[in-house]
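Summary of structural features
Chain by chain, the residues run as shown.
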Amino acid sequence: MKLQSRHLLGMEGVRKEDITLILDTASSFKEVLERPIKKVPPLQGKTIVNLFFESSTRTRISFELAERRLSADVVNFAASGSSVSKGETLKDTARNIEAMKIDMVVIRHAASGAPHFLTRVVKANVINAGDGAHEHPTQALLDMMTLREKYGTLEGLRVCIVGDIVHSRVARSNIFGLKTMGAEVSVCGPATLIPRNIEELGVRVYHRLEDVIPHVDALNVLRIQLERQKSGLFPSLREYHRYFGVTKAKVDRAPKPITIMHPGPINRDVELSADLADGPHSVILEQVTNGEAVRMSVLYLIGTSN
Amino acid sequence: MMKTKVLDAESFRRTVTRLSHEVVEKNKGVQDVVLVGIRTRGEFLAHRVAKIIEEIEHTKVQVGILDITLYRDDLHGRLDQPELKSTKILFDIRGKIIVLIDDVLFTGRTIRSALNALMDLGRPSMIQLLVLVDRGHRELPIKADFVGKNVPTSRGEQVQVAMTETDGEDAVYLIGLDEKESAQ
């Protein structure tokens, strides 16, 4: 088996067998994470640069740990305090880094399509760690891995993504990936935060949590960006919490327990109540662990492909 | 293509029994002895050796499974990536005598990978190597402590170990090239 592409730019168009290969390989890497010495040699001699043009803590740390655990050499690049603040273009930054003989690039950028652009200007393998409101494929993969661990399969699983769908790369990647794997996907949020025509991706739209809760196995609760309130997309955090905040009182009406997911960082008691986040049906910390395994899997499969 | 059976089910069973006795004899019992089988057929062999040792020594020996994929020296740029499965060694190998088990010993590269993988898990007091078939053509200075059967081969031939767990029978075959193929 081998992945079809030498880059991971998004979940759109990724074949079912490739997703399965990534998830199976990630499950094998979980065993490495249980060892006293959490390091294996497959990427020895490979150099990876983490190009983070947007601030990120957990994704960057997770990628960096995954890279180091596979024995790669790692260089970190953050936009602030770098040549970017002196006006350098993405193309020049990338070409300069490539001239330093880099094998793989992990990129996060506020502009949708930045990783795709990069594949045209550098020879290295490119992994998208989040581009604008477009895609965040490793997040979708770790979400799918967590659900597959819990339910055994994604086929027929009912997942609702709750919150700000329109600005969310996590939502888009999850929709593409989950649909490919045969899950039933719905979204729920205020009309101002749901993209028009999203039904064309094969998802159902709900505007009331109460309507969707009886029909789902898992809720993937997105972080509500506080700055969206300023742009008038919802009136107040209090009101958002009242209508779209996932709380124990609301999910308790479901016929069976609902798995609670969140990509982090959580605004406690805004989009998700603290008792659910810490409750028995929350898999939020499993998501973090699986994130490392999934990133090891992607880096390994792509890094040994050429 | 010529296919010759070099071990049938009966001699297969006797060979594994003899190897198990040799492990016990060499280590004067099975104190601190653990078995580690290399996926896939080494794993099955390890379980069979463990069962026979239990019958003769009335002691259970622990069995682990080793996946060497991440330690291969030919991992990069292959057309077909080897499937990564997990290592399952659920005991501490520090201070243990590890009997490393594989079906066929050929170039020695698999064993080199396995030795590195084991060393990353801890410091065993000793590692011994048990193989069902030694077919020669070593590319590294590696030698087995316990050999089921020496099968002289030419480089182009193949040794195929069948085991009931995956192949429906216990047997070892030598698959030779016919004259036309070997002339090419």
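Since this is a predicted model, take the numbers as computed values, not measurements.

Rules of the game
- Residues numbered from 1 in each chain as written.
- Chains lettered and ligands numbered in written order.
- Predicted model: local features only at pLDDT ≥ 70, side-chain atom pairs only at ≥ 80, totals over all residues.
- Helix = DSSP H or I, 4+ residues; strand = E, 2+ residues; numbered from the N terminus.
- Rg over C-alpha atoms; globule rule 2.2 N^0.38 Å.
- Buried ≥ 20, exposed ≤ 12 C-beta atoms within 10 Å, placed from the backbone.
- Expected span 1.5 Å × (residues − 1).
- Contact = placed C-beta atoms within 7 Å.
- Nonpolar A, V, L, I, M, F, W, Y, C, P; charged D, E, K, R; others polar.
- Pairing = 2+ DSSP bridges.
- Axes fitted to C-alpha atoms, helices over the stretch in contact; angles between N-to-C directions.
- Domains from an automatic or database assignment.
- Right-handed = clockwise from strand over helix to strand, strands pointing away.
- Parallel < 35°, antiparallel > 145°, perpendicular 65-115°, else oblique.
- Left-handed = near helix turned anticlockwise from the far one by under 90°.

Summing up its helical and strand segments, chain B has five helices and eight strands in all. Overall, chain B shows an N-to-C arrangement of helices and strands of β-α-β-α-β-β-α-β-β-β-α-β-α. Here the C-alpha radius of gyration of chain B, 17 Å, is about what a compact globule of 184 residues would show, namely 16 Å. With respect to the principal axes defined by its C-alpha atoms, chain B has extents near 55 × 40 × 30 Å. Sorting the 184 residues of chain B into buried and exposed places 37% on the buried side.

Our focus in this paragraph is helix H2 (residues 41-57) of chain B. All names here are of chain B. The end-to-end C-alpha distance of H2 is 24 Å, a good match for the 24 Å that 17 residues give at a rise of 1.5 Å each. For H2, the complete set of buried residues consists of Arg41, Gly42, Glu43, Phe44, Leu45, Ala46, Arg48, Val49, Ala50 and Ile53. Downstream of H2 by a residue or two, histidine 58 has a phi angle that is positive, lying close to 55°.

Another aspect to go through is the interface of chain A and chain B. In this complex, chain A contributes 13 residues to the contact, which on the side of chain B involves 14 residues. Among the elements that line the side of chain A that touches chain B, the one with the most residues is helix H1 (residues 16-33) of chain A, at three residues. Taken together, the residues of the side of chain A that touches chain B sort by class into six nonpolar, four polar and three charged.

Time to look at the sheet that holds strand S8 (residues 171-176) of chain B. Residues and elements named next belong to chain B. Pairing is antiparallel in the open sheet, where three strands are placed in the order S1-S8-S7. Single-partner strands in this sheet number two, and they are strand S1 (2-7) and strand S7 (158-162). This sheet shows a mean twist of 25° between the axes of neighbouring strands, independent of strand direction. As paired strands, S7 and S8 are joined by five bridges and run antiparallel to one another. Paired with valine 161 across the bridge in S8 is valine 172.

Our focus in this paragraph is the domain arrangement of chain A. Residues and elements named next belong to chain A. Looking at chain A, the domain boundaries give domain 1 (16-133 + 288-303) and domain 2 (137-287). Listed as interface residues are 19 residues of domain 1 and, on the opposing side, 18 residues of domain 2. Within the residue set of the side of domain 1 that touches domain 2, elements represented by two or more residues are H1, strand S4 (125-131) and helix H12 (284-303). With seven residues, H12 is the largest single contributor of residues to the side of domain 1 that touches domain 2.

Moving on, we come to the sheet that holds S4(A). Residues and elements named next belong to chain A. On the basis of which strands lie adjacent, the open sheet formed by four strands has the order S2-S1-S3-S4 and parallel pairing. Here the strands that pair on one side only, and so sit at the sheet edges, are strand S2 (73-78) and S4. This sheet shows a mean twist of 15° between the axes of neighbouring strands, independent of strand direction. Two strands pair when backbone bridges link them, and strand S1 (residues 47-52) and S2 are joined in this way by six bridges, in the parallel orientation. Considered in S2, the bridge of phenylalanine 52 is made with alanine 78. Of the strands in this sheet, strand S3 (104-109) and S4 are in contact with helix H4 (residues 114-121), which crosses S4 at around 160°.

We now examine the pairing of strand S4 (residues 97-105) of chain B. All names here are of chain B. Counting buried residues in S4 gives eight out of nine residues, a clear majority hidden from the surface. Here five bridges tie strand S2 (residues 33-38) to S4, and the two strands are oriented parallel to one another. Each bridged residue has a counterpart across the sheet, and for valine 33 the counterpart in S4 is isoleucine 97. Both S4 and strand S5 (residues 126-134) contribute to a ladder of eight bridges, which runs parallel. Within S5, the position partnered with isoleucine 101 by the bridge is leucine 130. Handedness of the crossover is the feature at issue here: the chain leaves S4, passes through helix H3 (residues 109-119), returns alongside S5, and the resulting connection is right-handed.

Residues and elements named next belong to chain A. In the contact formed by H1 and helix H5 (residues 137-151), the axes pass within 10 Å of each other and the chain directions differ by 70°. Accordingly, the angle class assigned to the pair H1 and H5 is roughly perpendicular. Handedness of the crossing formed by H1 with H5: right-handed. Residues Ile19, Ile22, Leu23 and Ala26 of H1 pack against Leu141, Met144, Met145 and Arg148 of H5. Class assignment for the residues of the contact of H1 with H5 results in seven nonpolar, no polar and one charged.

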